[in-house]
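Descriptive structure summary
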Amino acid sequence: MSDVNVLEAVVRTEFGKGAARRTRRAGNVPAVLYGHQSDPKHLAVNAKEFAAILRQHGTNAVLNLMIDGTPQLALTKSVVVHPIRRYIEHADLLIVKRGEKVTADVNIVVTGEAAAGTLVTQDATTVSIESDALNIPESIEVSVEGAEEGTQITAADLSLPKGVELAVDPETLIVNVITAPVEEPEEDTAEAAESAAGDEAAEADAESAE
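Residues numbered from 1 in each chain as written. Predicted model: local features only at pLDDT ≥ 70, side-chain atom pairs only at ≥ 80, totals over all residues. Heavy atoms only, no water.

Attention shifts here to the nonpolar core. Core analysis: the largest hydrophobic core is formed by 26 residues, its most contacted members being Leu75, Val96, Ile129, Ile136 and Val175. Within the residue set of this core, elements represented by two or more residues are strand S5 (70–81), strand S7 (101–111), strand S9 (126–132), strand S10 (139–143) and strand S13 (173–179). In terms of residues, this core owes the most to one element, S7, which gives 4 residues. Not counting chain neighbours up to four residues away, the residues in contact with Val175 comprise Val110, Val120, Thr121, Gln122, Val142, Val144, Thr151, Gln152 and Ile153. With 20 residues, the next largest nonpolar core counts Ala31, Ala51, Leu54 and Ile95 among its residues. (Core = buried A, V, L, I, M, F, W, Y, C linked by side-chain atoms within 4.5 Å. Buried < 20%, exposed > 50% of the residue type's maximum accessible area, 1.4 Å probe, protein only. Helix = DSSP H or I, 4+ residues; strand = E, 2+ residues; numbered from the N terminus. Contact = heavy atoms within 4.5 Å.)

As a further point, take the sheet that holds S7. Across the sheet, which stays open at both edges, the 4 strands sit in the order S10-S7-S9-S12 with mixed pairing between neighbours. Bordering the open sheet on either side are S10 and strand S12 (165–166), each of which pairs with just one other strand. Here S7 pairs with S9 via 7 bridges, running antiparallel. Opposite Asn107, over in S9, you have Thr126 as the bridge partner. (Pairing = 2+ DSSP bridges.)

It is worth spelling out the confidence of the model for the protein at this point. Confidence in the prediction for the protein averages 87 pLDDT; 86% of positions are at 70 or higher. Here helix H3 (residues 189–209) stands out as the least confident element of the protein, with mean pLDDT 53; strand S11 (residues 152–154) is the most confident, with 97. (pLDDT = per-residue confidence, 0-100.)

Attention now moves to the pairing of S7. Alignment of S7 against S10, held across 5 bridges, turns out to be parallel. Across the sheet, the residue bridging to Thr111 is Ser143, located in S10.

This part covers the sheet that holds S13. Pairing in this open sheet of 3 strands is antiparallel, and the strands run S8-S13-S11 from one edge to the other. Edge strands, defined here as strands with exactly one partner in the open sheet, are strand S8 (118–122) and S11. Between one strand axis and the next, the sheet turns through 10 degrees on average, direction left out of account. Sheet analysis places S11 next to S13, joined by 3 bridges and oriented antiparallel. The partner of Ile153 across the bridge, within S13, is Val175. (Axes fitted to C-alpha atoms, helices over the stretch in contact; angles between N-to-C directions.)

It is worth spelling out the pattern of salt bridges at this point. Across all of its chains, the model carries 1 salt bridge by this definition. A salt bridge links Arg22 to Glu14, with the nearest nitrogen and oxygen atoms 3.7 Å apart. (Salt bridge = Lys/Arg side-chain N within 4 Å of Asp/Glu carboxyl O.)

Even without being glycine, His36 reaches a positive phi, approximately 55 degrees. Along the chain, the position of His36 falls in the loop between strand S2 (28–35) and strand S3 (38–46). The phi dihedral of Gln37 is positive, around 60 degrees, even though this residue is not glycine. Relative to the helices and strands, Gln37 resides in the loop between S2 and S3.

Among all positions of helix H2 (residues 47–57), only Phe50, Ala51, Ile53 and Leu54 are buried. All buried residues of H2 lie within an arc of 160 degrees about the axis, which places them on one face of the element. Facing away from the buried side of H2 by over 90 degrees, the exposed positions are Lys48, Arg55 and Gln56. Its side-chain oxygen at 3.1 Å from the backbone nitrogen of Lys48, Asn46 defines the N-terminal cap of H2. Note on H2: the residue one or two positions beyond its end, Gly58, has a positive phi of about 85 degrees. (Arc of directions from axis to C-beta. Polar contact = N/O pair within 3.5 Å; in protein donor to acceptor, adjacent residues only side chain to side chain.)

So, in C-alpha coordinates, the structure goes:
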(Lines give C-alpha, C1' and ligand atoms only; values in the text may rest on other atoms or scores of the structure.)
Protein backbone atom coordinates (compact mmCIF):
# COMPACT_ATOMS: atom_id res chain seq x y z
CA MET A 1 0.00 0.00 0.00
CA SER A 2 1.34 3.44 -0.92
CA ASP A 3 2.27 5.78 1.89
CA VAL A 4 0.72 8.78 0.04
CA ASN A 5 -2.31 10.41 1.65
CA VAL A 6 -2.35 7.99 4.56
CA LEU A 7 -5.14 8.97 6.92
CA GLU A 8 -5.95 7.27 10.20
CA ALA A 9 -9.64 6.56 10.71
CA VAL A 10 -11.65 5.10 13.56
CA VAL A 11 -15.11 3.60 13.38
CA ARG A 12 -17.79 5.78 15.04
CA THR A 13 -20.32 4.04 17.24
CA GLU A 14 -22.39 7.16 18.04
CA PHE A 15 -24.62 8.82 15.46
CA GLY A 16 -26.77 11.91 15.09
CA LYS A 17 -26.09 15.64 15.28
CA GLY A 18 -24.90 15.56 18.88
CA ALA A 19 -22.41 12.80 18.15
CA ALA A 20 -21.17 14.67 15.05
CA ARG A 21 -20.58 17.80 17.13
CA ARG A 22 -18.62 15.81 19.69
CA THR A 23 -16.53 14.30 16.89
CA ARG A 24 -15.71 17.76 15.54
CA ARG A 25 -14.92 19.13 19.02
CA ALA A 26 -12.38 16.33 19.34
CA GLY A 27 -10.61 17.65 16.22
CA ASN A 28 -12.04 15.09 13.81
CA VAL A 29 -14.33 15.06 10.78
CA PRO A 30 -17.33 12.70 10.73
CA ALA A 31 -17.28 10.71 7.50
CA VAL A 32 -19.20 7.89 5.84
CA LEU A 33 -17.42 5.25 3.74
CA TYR A 34 -19.55 3.32 1.23
CA GLY A 35 -19.41 1.44 -2.06
CA HIS A 36 -18.84 -2.02 -3.56
CA GLN A 37 -22.05 -3.34 -2.03
CA SER A 38 -20.58 -3.06 1.45
CA ASP A 39 -22.46 -1.66 4.42
CA PRO A 40 -21.67 2.03 5.03
CA LYS A 41 -19.06 2.65 7.71
CA HIS A 42 -19.27 5.71 9.93
CA LEU A 43 -15.75 7.00 10.51
CA ALA A 44 -13.87 9.83 12.17
CA VAL A 45 -10.70 11.22 10.55
CA ASN A 46 -8.30 13.88 11.79
CA ALA A 47 -9.59 17.28 10.60
CA LYS A 48 -6.20 18.98 10.12
CA GLU A 49 -4.65 16.04 8.25
CA PHE A 50 -7.72 15.62 6.04
CA ALA A 51 -7.83 19.36 5.23
CA ALA A 52 -4.11 19.31 4.35
CA ILE A 53 -4.67 16.46 1.86
CA LEU A 54 -7.56 18.31 0.24
CA ARG A 55 -5.49 21.50 -0.08
CA GLN A 56 -2.71 19.60 -1.80
CA HIS A 57 -4.68 17.21 -3.97
CA GLY A 58 -8.11 18.81 -4.41
CA THR A 59 -11.57 17.59 -3.57
CA ASN A 60 -11.13 14.33 -5.56
CA ALA A 61 -8.24 13.21 -3.37
CA VAL A 62 -7.60 9.47 -3.11
CA LEU A 63 -7.02 8.43 0.50
CA ASN A 64 -5.10 5.52 1.92
CA LEU A 65 -7.28 4.99 4.96
CA MET A 66 -6.11 3.00 7.93
CA ILE A 67 -9.36 2.00 9.61
CA ASP A 68 -8.45 0.73 13.06
CA GLY A 69 -5.28 -0.67 11.46
CA THR A 70 -6.92 -2.10 8.33
CA PRO A 71 -5.94 -0.46 4.99
CA GLN A 72 -8.64 0.75 2.61
CA LEU A 73 -8.35 2.83 -0.57
CA ALA A 74 -11.04 5.52 -0.84
CA LEU A 75 -11.97 8.47 -3.03
CA THR A 76 -13.18 11.74 -1.50
CA LYS A 77 -16.65 11.95 -3.04
CA SER A 78 -18.08 15.04 -1.32
CA VAL A 79 -17.09 17.48 1.41
CA VAL A 80 -19.45 19.74 3.34
CA VAL A 81 -17.82 22.94 4.63
CA HIS A 82 -19.40 25.30 7.18
CA PRO A 83 -20.46 28.41 5.20
CA ILE A 84 -19.12 30.90 7.75
CA ARG A 85 -16.50 29.23 9.94
CA ARG A 86 -15.09 27.22 7.00
CA TYR A 87 -14.32 24.01 8.89
CA ILE A 88 -15.18 20.64 7.35
CA GLU A 89 -18.52 19.46 8.72
CA HIS A 90 -18.81 16.10 7.00
CA ALA A 91 -17.32 13.98 4.20
CA ASP A 92 -18.54 11.14 1.99
CA LEU A 93 -15.86 8.65 0.96
CA LEU A 94 -16.16 6.02 -1.78
CA ILE A 95 -14.39 2.65 -1.65
CA VAL A 96 -12.22 2.18 -4.75
CA LYS A 97 -9.85 -0.45 -6.06
CA ARG A 98 -6.64 -0.02 -8.02
CA GLY A 99 -7.34 0.01 -11.76
CA GLU A 100 -11.02 0.79 -11.21
CA LYS A 101 -12.65 3.57 -13.24
CA VAL A 102 -14.75 6.13 -11.40
CA THR A 103 -16.80 9.19 -12.29
CA ALA A 104 -15.77 12.51 -10.73
CA ASP A 105 -16.46 16.22 -11.13
CA VAL A 106 -13.29 18.13 -11.97
CA ASN A 107 -12.81 21.91 -11.76
CA ILE A 108 -12.43 23.86 -15.01
CA VAL A 109 -9.80 26.61 -15.01
CA VAL A 110 -10.12 29.32 -17.70
CA THR A 111 -6.81 30.83 -18.79
CA GLY A 112 -5.74 33.56 -21.23
CA GLU A 113 -7.26 36.84 -22.39
CA ALA A 114 -10.01 36.97 -24.98
CA ALA A 115 -10.05 39.61 -27.75
CA ALA A 116 -10.53 43.24 -26.78
CA GLY A 117 -14.12 44.34 -26.34
CA THR A 118 -15.36 40.88 -25.32
CA LEU A 119 -16.62 39.35 -22.10
CA VAL A 120 -15.90 35.73 -21.12
CA THR A 121 -18.74 33.97 -19.32
CA GLN A 122 -18.17 30.55 -17.78
CA ASP A 123 -21.34 28.47 -17.94
CA ALA A 124 -19.84 25.44 -16.16
CA THR A 125 -17.20 25.50 -13.42
CA THR A 126 -16.83 21.70 -13.31
CA VAL A 127 -17.06 18.86 -15.78
CA SER A 128 -17.92 15.25 -15.07
CA ILE A 129 -15.26 12.80 -16.28
CA GLU A 130 -14.48 9.09 -16.07
CA SER A 131 -10.97 8.14 -15.10
CA ASP A 132 -8.81 5.62 -13.30
CA ALA A 133 -9.43 6.20 -9.60
CA LEU A 134 -5.73 6.88 -8.98
CA ASN A 135 -5.28 9.28 -11.92
CA ILE A 136 -8.10 11.81 -11.61
CA PRO A 137 -6.82 15.22 -12.84
CA GLU A 138 -7.00 17.98 -10.22
CA SER A 139 -8.35 20.40 -12.84
CA ILE A 140 -8.77 20.86 -16.59
CA GLU A 141 -7.56 24.05 -18.25
CA VAL A 142 -9.30 25.76 -21.15
CA SER A 143 -7.67 28.70 -22.93
CA VAL A 144 -9.59 31.68 -24.29
CA GLU A 145 -6.46 33.48 -25.49
CA GLY A 146 -7.46 35.76 -28.37
CA ALA A 147 -10.97 34.29 -28.59
CA GLU A 148 -13.32 36.46 -30.64
CA GLU A 149 -16.93 37.40 -29.96
CA GLY A 150 -19.22 34.44 -30.61
CA THR A 151 -16.68 31.81 -29.57
CA GLN A 152 -18.28 28.94 -27.69
CA ILE A 153 -16.29 26.19 -26.02
CA THR A 154 -18.16 22.97 -25.26
CA ALA A 155 -17.19 19.88 -23.27
CA ALA A 156 -16.14 18.23 -26.53
CA ASP A 157 -13.52 20.98 -27.05
CA LEU A 158 -11.76 20.28 -23.75
CA SER A 159 -8.28 18.80 -23.91
CA LEU A 160 -8.44 15.77 -21.61
CA PRO A 161 -5.44 13.89 -20.21
CA LYS A 162 -4.72 10.42 -21.55
CA GLY A 163 -7.09 7.83 -20.13
CA VAL A 164 -9.72 10.43 -19.16
CA GLU A 165 -13.12 10.46 -20.88
CA LEU A 166 -16.13 12.76 -20.73
CA ALA A 167 -19.08 11.66 -18.63
CA VAL A 168 -21.37 14.48 -19.79
CA ASP A 169 -23.06 15.50 -23.04
CA PRO A 170 -20.25 16.68 -25.39
CA GLU A 171 -22.42 19.66 -26.34
CA THR A 172 -22.48 20.97 -22.75
CA LEU A 173 -21.50 24.67 -22.93
CA ILE A 174 -18.42 25.50 -20.87
CA VAL A 175 -17.37 28.99 -21.98
CA ASN A 176 -19.16 31.65 -24.01
CA VAL A 177 -17.41 34.75 -25.40
CA ILE A 178 -19.79 37.66 -25.94
CA THR A 179 -19.56 41.39 -26.68
CA ALA A 180 -18.67 43.33 -23.57
CA PRO A 181 -21.53 45.60 -22.50
CA VAL A 182 -20.83 49.32 -22.95
CA GLU A 183 -21.65 51.45 -19.95
CA GLU A 184 -23.37 54.73 -20.70
CA PRO A 185 -21.45 57.65 -19.17
CA GLU A 186 -23.24 59.00 -16.14
CA GLU A 187 -24.00 62.74 -16.15
CA ASP A 188 -21.90 64.63 -13.67
CA THR A 189 -23.86 64.97 -10.43
CA ALA A 190 -23.05 68.65 -9.93
CA GLU A 191 -23.96 69.48 -13.52
CA ALA A 192 -27.19 67.50 -13.22
CA ALA A 193 -28.15 69.35 -10.02
CA GLU A 194 -27.33 72.70 -11.61
CA SER A 195 -29.38 71.84 -14.70
CA ALA A 196 -32.35 70.74 -12.56
CA ALA A 197 -32.15 73.99 -10.53
CA GLY A 198 -32.07 76.01 -13.74
CA ASP A 199 -35.14 74.20 -15.07
CA GLU A 200 -37.03 74.85 -11.82
CA ALA A 201 -36.11 78.58 -11.94
CA ALA A 202 -37.27 78.83 -15.54
CA GLU A 203 -40.59 77.19 -14.64
CA ALA A 204 -41.04 79.60 -11.73
CA ASP A 205 -40.37 82.65 -13.98
CA ALA A 206 -42.89 81.37 -16.50
CA GLU A 207 -45.55 80.96 -13.82
CA SER A 208 -44.86 84.53 -12.54
CA ALA A 209 -45.19 85.94 -16.02
CA GLU A 210 -48.56 84.28 -16.39
